[in-house]
Amino acid sequence: MTDFDLVLKCWGPVEADYTAHGGLVLTRLFTEHPDTQKLFPKFAGLAPGDLASNAAVSAHGATVLRKLGDLLKAKGDHAAILKPLANTHAKQHKIGLNNFKLITEVIAQVMSEKAGLDASGQDALRKVMGVVIDDIESTYKELGFTG
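Before going into details, it helps to say that this report is about the structure given with it. Please read all numbers here as calculations on a predicted model, not as lab measurements.

**Focus on the packing of helix 7 (residues 97-115) against helix 8 (residues 119-143)**
Link 1 in the chain: Relative orientation of the contacting elements helix 7 and helix 8 amounts to 160°, with a least axis distance of 10 Å. Viewed along their axes, helix 7 and helix 8 adopt a mutual orientation that is roughly antiparallel. Note that helix 7 runs across helix 8; the crossing there is right-handed. Seen from helix 7, the contacting residues are L97, F100, K101, T104, E105, I107, A108 and S112; seen from helix 8, they are Q122, L125, R126, M129, I133, I136, E137 and Y140.
Link 2 in the chain: When its residues are assigned to classes, the contact of helix 7 with helix 8 shows nine nonpolar, three polar and four charged.

The following block contains the structure:
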């Protein structure tokens, strides 16, 4: 079974409720790594206690997880999906590469707790995201962005 397949076998619960899982992911990311919250201007002023109940946080988290689902289902053939994402994250949002590593760990934790992603699945997610992050870095370099 490929790394993509190991993650996808637990993707069903995430896909069934992107909003709830996305809210959990971003709330945990912002709570465990408070500096990341500042990267999202519309969330910068939210108190930590208000994150979990904020509909906009959950909606953006859902967007993140939908895109991750698209990347997983592409099973490595993701240039058409990833290139525009890398462009906007470099040019508009100015998101450093380390932030993708941080959210990878949070997604692994949430999927472990809520979708049954075991240790080998978490390792597979890290490997898949390692490839994705390397490809984002390549685009960043093409753009002259030192994320």
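**Some details on helix 5 (residues 55-74)**
Link 1 in the chain: With 20 residues, helix 5 should cover 28 Å at 1.5 Å per step; its first-to-last C-alpha distance of 29 Å lies within 8% of that length.
Link 2 in the chain: Residues of helix 5 that are buried in the fold lie against helix 1 (3-8), helix 2 (11-16), helix 3 (18-32), helix 6 (79-91), helix 7 and helix 8.
Link 3 in the chain: The opening residue of helix 5, the one whose side-chain oxygen lies 2.9 Å from the backbone nitrogen of A56, is N54.
Link 4 in the chain: Once helix 5 finishes, K75 follows within two positions and takes phi at roughly 50°, a positive value.

**A few points about the nonpolar core**
Link 1 in the chain: Counting residues in each nonpolar core, the largest one holds 44 residues, and the members touching the most others are W11, L65, I107, M111, I136 and Y140.
Link 2 in the chain: Within the residue set of this core, elements represented by two or more residues are helix 1, helix 2, helix 3, helix 5, helix 6, helix 7 and helix 8.
Link 3 in the chain: Filtering out sequence-adjacent residues up to four positions away, M111 remains in contact with V7, C10, W11, V14, G116 and L117.

**Things to note about unusual backbone geometry**
Link 1 in the chain: One non-glycine residue, K75, lies in positive phi territory at about 50°.
Link 2 in the chain: Overall, the relative accessible area of 44% leaves K75 in the partly exposed class.
Link 3 in the chain: The residue K94 is not glycine, and still its phi comes out positive at about 55°.
Link 4 in the chain: Its location among the elements puts K94 in the loop between helix 6 and helix 7.

**Structural notes on the packing of aromatic side chains**
Link 1 in the chain: Summed over the entire model, instances satisfying the criterion amount to five aromatic pairs.
Link 2 in the chain: Judged by centre distance (4.7 Å) and plane angle (80°), the ring pair of Y140 and F145 falls under edge-to-face. Neither residue differs from the other here; Y140 and F145 are each classed as buried.
Link 3 in the chain: Members of the aromatic cluster, joined through ring pairs, are F30, F40 and F43.

Here is what the cut-offs are and how they apply
- Residues numbered from 1 in each chain as written.
- Predicted model: local features only at pLDDT ≥ 70, side-chain atom pairs only at ≥ 80, totals over all residues.
- Heavy atoms only, no water.
- Axes fitted to C-alpha atoms, helices over the stretch in contact; angles between N-to-C directions.
- Helix = DSSP H or I, 4+ residues; strand = E, 2+ residues; numbered from the N terminus.
- Parallel < 35°, antiparallel > 145°, perpendicular 65-115°, else oblique.
- Left-handed = near helix turned anticlockwise from the far one by under 90°.
- Contact = heavy atoms within 4.5 Å.
- Nonpolar A, V, L, I, M, F, W, Y, C, P; charged D, E, K, R; others polar.
- Expected span 1.5 Å × (residues − 1).
- Polar contact = N/O pair within 3.5 Å; in protein donor to acceptor, adjacent residues only side chain to side chain.
- Core = buried A, V, L, I, M, F, W, Y, C linked by side-chain atoms within 4.5 Å.
- Buried < 20%, exposed > 50% of the residue type's maximum accessible area, 1.4 Å probe, protein only.
- Phe/Tyr/Trp six-rings, centres within 6.5 Å; stacked < 30°, edge-to-face > 60°.

So, to be careful, I would describe these as geometric facts and stop short of saying anything about function.
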